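Each chain, letter by letter, is given below.
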Amino acid sequence: MKRLLFFSLLVGAVFCPAAEAQINCTQASTKLACIIPNALNLTAPSSQNLGFLNEAVGSQLGDLPLASPASGIIYIYDPKLNLPVPSNDTLGPILTQRAETIGRHKVYLAVTYQFFSFKDIDGLSLTQLPVVLQNSSPPAVTATNNRLDLTANQIALYLTYGLTSRVDVSIAIPILDVHEQFVSSGVEYILSPASVVTFNNLSHSGSASGIGDQVLAVKGTLWKPKQGGLALGTELRLPTGDAMNFLGSGTVGFKPFVSMTLGRRVSPHLNVAYEMNGHSILVTNAQGGEARLPNRLIYSGGADWGVTKRLTLAADVLAQNVNNAQRVRIVNQTFTNPVLTVPTIQNYTGSYNRTDASFGIKVKPAGNLVLSGNVMVKLDQGGLRSRWVPFVGLSYTF
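Residues numbered from 1 in each chain as written. Predicted model: local features only at pLDDT ≥ 70, side-chain atom pairs only at ≥ 80, totals over all residues. Heavy atoms only, no water.

Engineer: So what exactly am I meant to see when it comes to the nonpolar core here?
Structural biologist: Side chains of nonpolar character tend, in soluble globular proteins, to be buried together. One finds Leu 61, Phe 118 and Val 178 to be the most contacted residues of the largest nonpolar core, which totals 52 residues. With residues up to four places along the chain from it excluded, the contact list for Leu 61 reads Phe 118, Leu 150, Ala 152, Leu 176, Val 178 and Phe 246. If you look at the next biggest cluster of nonpolar residues, it comprises six residues, including Ala 143, Phe 335, Leu 340 and Val 342. (Core = buried A, V, L, I, M, F, W, Y, C linked by side-chain atoms within 4.5 Å. Buried < 20%, exposed > 50% of the residue type's maximum accessible area, 1.4 Å probe, protein only. Contact = heavy atoms within 4.5 Å.)

And the structure:
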């Protein structure tokens, strides 16, 4: 029955169709990826100049952090009883992998909730994004200052099944509710006939809900001493979310990883992974076609401490290096007609690091039921960022 349940979820994930999407930002479009182009009245060619904003938003929302697929009770072999028994050492980390597997033919079920309120991109506040536009008909220069409000509620469902005492397979299904609002104010300098037009607080907004990019994973323990271990695994991200509504990344992602754990009651752990991505509709190349979503080197380290058999404290530093991504900076742009120097955002290509700290608590109130609470806090400025991200979760192993 357990195998049938897991097989059914795998089949559903593999054959779940991704939402069809095309970059066609007409004024009638309700896609979230079209809110900024429509708010600034951009045509298709000129909207590509702001495509890096959609890449930053879409790539982050399509790859939000998920909880560990074995973050709860694990079973270890007791030689005295000649049976697998629940471990009382630690309840494990929250947002990072552990080398241990849950146990042969054991099932782990979980549901988590996270809230993301994005405040800045590459250190620039989303409340002050200057954009300068040039029109040819009629000839005009428009200097705008804009505010982007972007939030995401994420509910994630998890199922992990222990194929053997050393191998786990799992699936994670995120469900997202994304809200976006773009408010623009500015001055338009019309050259012929000469005039100046001001506008204030022109607002465009929208929201979208649905299944995000599902993740299939397999993990196998290579080294399994009495305390800790070493595991290898891989994750496959499926493009099941609607990328144009920022519910998914728009491409397949493949992420092999290695995880090491030491100790029992106090359990340090280290994770290293490399995520390789395909071409996404959210990333535009110089010819206006799809480009590759940036690859990422992901690494984390921390420890979980089993204060008692029912209480665990967990802390981690989560970091990643994002390769050759579209980034954002502010530059001054000068015009001779009219004579004008104004700031505007500009994209450039470059790699960056993003680092977060994670602090959490896990409680086992009864049986194999585990309650989790966590907060993730940003430590640097790279990419699209929330200052802090709250997390709550509920899991059960049987």
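Engineer: For this particular structure, what's the right way to read the pairing of strand 6 (residues 139-162)?
Structural biologist: In summary, the side chains of a regular strand alternate between the two faces of the sheet. A large share of strand 6 lies buried, amounting to 17 of its 24 residues. Looking at chain direction, strand 3 (residues 107-121) and strand 6 are connected through twelve bridges and run antiparallel. Bridge pairing in strand 6 links Val 111 to Leu 157. Following strand 5 (residues 129-136), the chain reverses through two residues before pairing antiparallel with strand 6. Looking at chain direction, strand 6 and strand 7 (residues 167-191) are connected through 23 bridges and run antiparallel. The residue bridging Ala 152 from the neighbouring strand is Val 178, located in strand 7. (Helix = DSSP H or I, 4+ residues; strand = E, 2+ residues; numbered from the N terminus. Pairing = 2+ DSSP bridges.)

Engineer: Any chance you could explain the pairing of strand 9 (residues 215-223) here in plain terms?
Structural biologist: Relative to strand 9, strand 7 runs antiparallel, the two sharing six bridges. Its bridge partner lying in strand 9, Asp 168 is registered against Lys 219. As defined by bridge partners, strand 9 adjoins strand 10 (residues 229-237) across eight bridges and the pair is classed as antiparallel. Within strand 10, the residue paired with Ala 217 across the bridge is Glu 235. Between the antiparallel neighbours strand 9 and strand 10 lie five residues, among them Gly 228 with a positive phi of about 80°.

Engineer: Please clarify how the side chain of Thr 144 should be interpreted in this entry.
Structural biologist: Checked against the element boundaries, Thr 144 lands in strand 6. A distance of 2.7 Å separates a polar atom in the side chain of Thr 144 from the backbone oxygen of Val 131. For Thr 144, the side chain forms a polar contact with the side chain of Asn 146, separated by 3.0 Å. For Thr 144, the residues in contact, after removing those within four places along its chain, are Leu 40, Leu 129, Pro 130, Val 131, Ser 184, Ser 185, Gly 186 and Phe 199. (Polar contact = N/O pair within 3.5 Å; in protein donor to acceptor, adjacent residues only side chain to side chain.)

Engineer: In this structure, what is going on with the packing of aromatic side chains? I would like to understand it.
Structural biologist: For any pair of aromatic rings, the description rests on two quantities: the centre-to-centre distance and the angle between the ring planes. Evaluation of the coordinates by the stated rule reveals two aromatic pairs. Ring centres 6.2 Å apart and planes at 15° place the aromatic pair Phe 116 and Phe 118 in the stacked group. Take Phe 116: its relative accessible area is 3%, and that puts it in the buried class. When its relative accessible area of 6% is taken as the criterion, Phe 118 is described as buried. The ring of Tyr 348 has Arg 329 sitting right over it, with the charged end atom 4.3 Å from the ring centre. (Phe/Tyr/Trp six-rings, centres within 6.5 Å; stacked < 30°, edge-to-face > 60°. Lys NZ or Arg CZ within 6 Å of the ring centre and 35° of its normal.)

Engineer: Just to check I follow, could you spell out the pattern of salt bridges for this structure?
Structural biologist: Throughout the structure, instances matching the rule amount to 13 salt bridges. Two residues, Asp 242 and Lys 31, come together in a salt bridge whose shortest N-O distance is 2.9 Å. Separated by 211 residues along the polypeptide, Asp 242 in the loop between strand 10 and strand 11 (253-261) and Lys 31 in the loop between helix 1 (2-15) and helix 2 (35-39) bring together distant segments of the chain. Residue classification places Lys 31 among the partly exposed residues on the basis of a relative accessible area of 23%. (Salt bridge = Lys/Arg side-chain N within 4 Å of Asp/Glu carboxyl O.)

Engineer: Teacher, can you tell me more about unusual backbone geometry here?
Structural biologist: In this chain, Ser 192 is followed by Pro 193 through a cis amide linkage whose omega measures -10°. Tracing the chain through its elements places Pro 193 in the loop between strand 7 and strand 8 (194-211). Following Asn 337, the chain continues to Pro 338 via a peptide bond in cis, the omega torsion being 0°. One non-glycine residue, Asn 201, adopts positive backbone phi at about 50°. Topologically, Asn 201 is positioned in strand 8.

Engineer: Which parts of the structure should I look at to understand the environment of Leu 340?
Structural biologist: Of note, Leu 340 is situated in strand 17 (residues 339-366). For Leu 340, a relative accessible area of 14% puts it in the buried group. The spacing of Leu 340 and Ala 143 is 197 residues in sequence and 9.8 Å in space, taken between C-alpha atoms.

Engineer: Any chance you could explain the side chain of Thr 221 here in plain terms?
Structural biologist: With respect to the helices and strands, Thr 221 occurs in strand 9. A distance of 3.0 Å separates a polar side-chain atom of Thr 221 from the backbone oxygen of Ala 99. Setting aside residues up to four positions removed in sequence, Thr 221 forms contacts with Ala 99, Glu 100, Thr 101, Arg 166, Leu 230 and Ala 231.

Engineer: Where do I start with the environment of Ser 249 in this structure?
Structural biologist: Of note, Ser 249 is situated in the loop between strand 10 and strand 11. On a C-alpha basis, the gap between Ser 249 and Arg 237 in space is 9.2 Å, while along the polypeptide they are twelve residues apart. Only 3.2 Å separates the side chain of Ser 249 from the backbone oxygen of Thr 251, close enough to count as a polar contact.

Purely spatial values, then, with no claim about function.
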